[in-house]
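A look at the structure
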Amino acid sequence: MKTQRPNQQHAPRAKEREQQKIYVRDFMTENVSFVQPSETVRDVAKRLTQLDVGSLPVCDEGRLVGMITDRDIVVRVVAEDRNVSAAVGDIMTADVVSAHDTDDVASVVKRMQEYEVRRIPVVNDDNELVGIVALADLARSNASAGLKAKGLEGVS
C-alpha cells in the first residue's frame, strides 16, 4: 500500500523568489580604498603596489568618476613617455561600468560578462561609492552554482 505525500510545490511562488533574490549589497566588499583625480600617477602606482591590487576606483567628493588600473598606467603613461607626476584624472578610465547596490546578482554577472571585467564598483542613488564586487565576491556569495559559473564565462 502506497502512502500519499501531501501536495508539495516544486517551484517557489513569486513572492518567495523575490525574497530569495541576492542583491549586490549582500555580497559586495565594503570600505573600498579609492583615489582622487588630483593624485599623481606615481602615488597611485605605489598605492596599487601596497594594496596588492590592479585597480582602484577614482572618486571626487565621494562620487565615482572613474577607475585607474595598472594597465592604464602602463599604456597611457609609460608607453607614451608621460610624466608620473601627471594627475590620475588625466589618465583614468572615465567611462566606468558600475553596479547599483540594489542590483541583483544576475544583472551584475551579465554586466561582468558583457564588459569582460573582473570587478565592478558599486554606487548608491547619489553615485557615491559604497563597495566593489569582484569575481571572488561572487564565488563566496549565496548565488547558485550555475550563476557563479556563468560569471566566469567570458571574463578573462
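The structure presented is a predicted model; accordingly, all values stated were derived computationally and were not measured.

Calculation notes
- Position numbers for residues start from 1 in each chain and track the written sequence from start to end.
- Local features in a predicted model are, by the rule used here, given only for residues with pLDDT of at least 70; side-chain atom pairs are given and counted only at 80 or more, and totals for whole chains, interfaces and linings are based on all residues.
- Note that water and hydrogens are dropped before the side-chain values are worked out from all heavy atoms of the structure.
- By definition, any uninterrupted DSSP run of H or I lasting at least four residues is a helix, any uninterrupted run of E lasting at least two residues is a strand, and each is numbered from the N terminus.
- The rule is simple: take the accessible area with a 1.4 Å probe, protein chains only, and divide by the maximum for that residue type; under 20% is buried, over 50% is exposed, in between is partly exposed.
- Distance and chemistry together define a polar contact, namely a pair of N or O atoms within 3.5 Å, with one atom able to donate a hydrogen and the other to accept it when in protein, and with adjacent residues in sequence counting only for side-chain atoms on both sides.
- The arc in question is the one traced by the directions running from the helix axis out to the C-beta atoms.
- Contacts are assigned to residue pairs that have any heavy atoms within 4.5 Å of one another.
- In this analysis, strands are considered paired if DSSP registers two or more bridges between them.
- A fitted line through C-alpha atoms serves as each axis, taken over the contacting stretch for helices, and the angle formed by two N-to-C directions is quoted from 0 to 180°.
- Confidence scores labelled pLDDT are given residue by residue by the predictor and lie between 0 and 100.

For the rest of this paragraph, the subject is the environment of Ser 107. With respect to the element layout, Ser 107 can be found in helix H4 (residues 105–115). Owing to a relative accessible area of 23%, Ser 107 belongs among the partly exposed residues under this scheme. Once the C-alpha coordinates of Ser 107 and Tyr 23 are considered, the two residues, 84 residues apart in sequence, prove to be 9.5 Å apart. At 2.8 Å, the side chain of Ser 107 forms a polar contact with the backbone oxygen of Asp 104.

Below, the discussion takes up helix H3 (residues 70–78). Turning to H3, its buried residues are Asp 72, Ile 73 and Val 77. Buried residues of H3, viewed axially, fall in a sector of 95°; they line one side. Projecting away from the buried face of H3 at angles above 90 degrees are the exposed residues Arg 71 and Val 78. Among the structural elements, helix H2 (41–51) and strand E2 (63–69) are those in contact with the buried residues of H3.

The strand order E3-E4-E5 describes an open sheet built from three strands, whose pairing is mixed. Two strands in the sheet have a free side with no partner beyond their single neighbour: strand E3 (99–100) and strand E5 (129–134). Alignment of strand E4 (residues 119–123) against E5, held across five bridges, turns out to be antiparallel. Bridge pairing in E5 places Val 122 opposite Gly 131. Most of the contacts of H4 go to E4, to which it runs at about 135°, and overall it touches E3, E4 and E5.

Here the protein averages 83 in pLDDT, while 76% of its residues score no lower than 70. The model gives residues 1–6 a pLDDT under 50, and that stretch makes zero contacts with residues more than four places away or in other chains. Note that pLDDT drops below 50 for residues 10–19; the model gives that stretch three contacts with residues more than four away or on any other chain.

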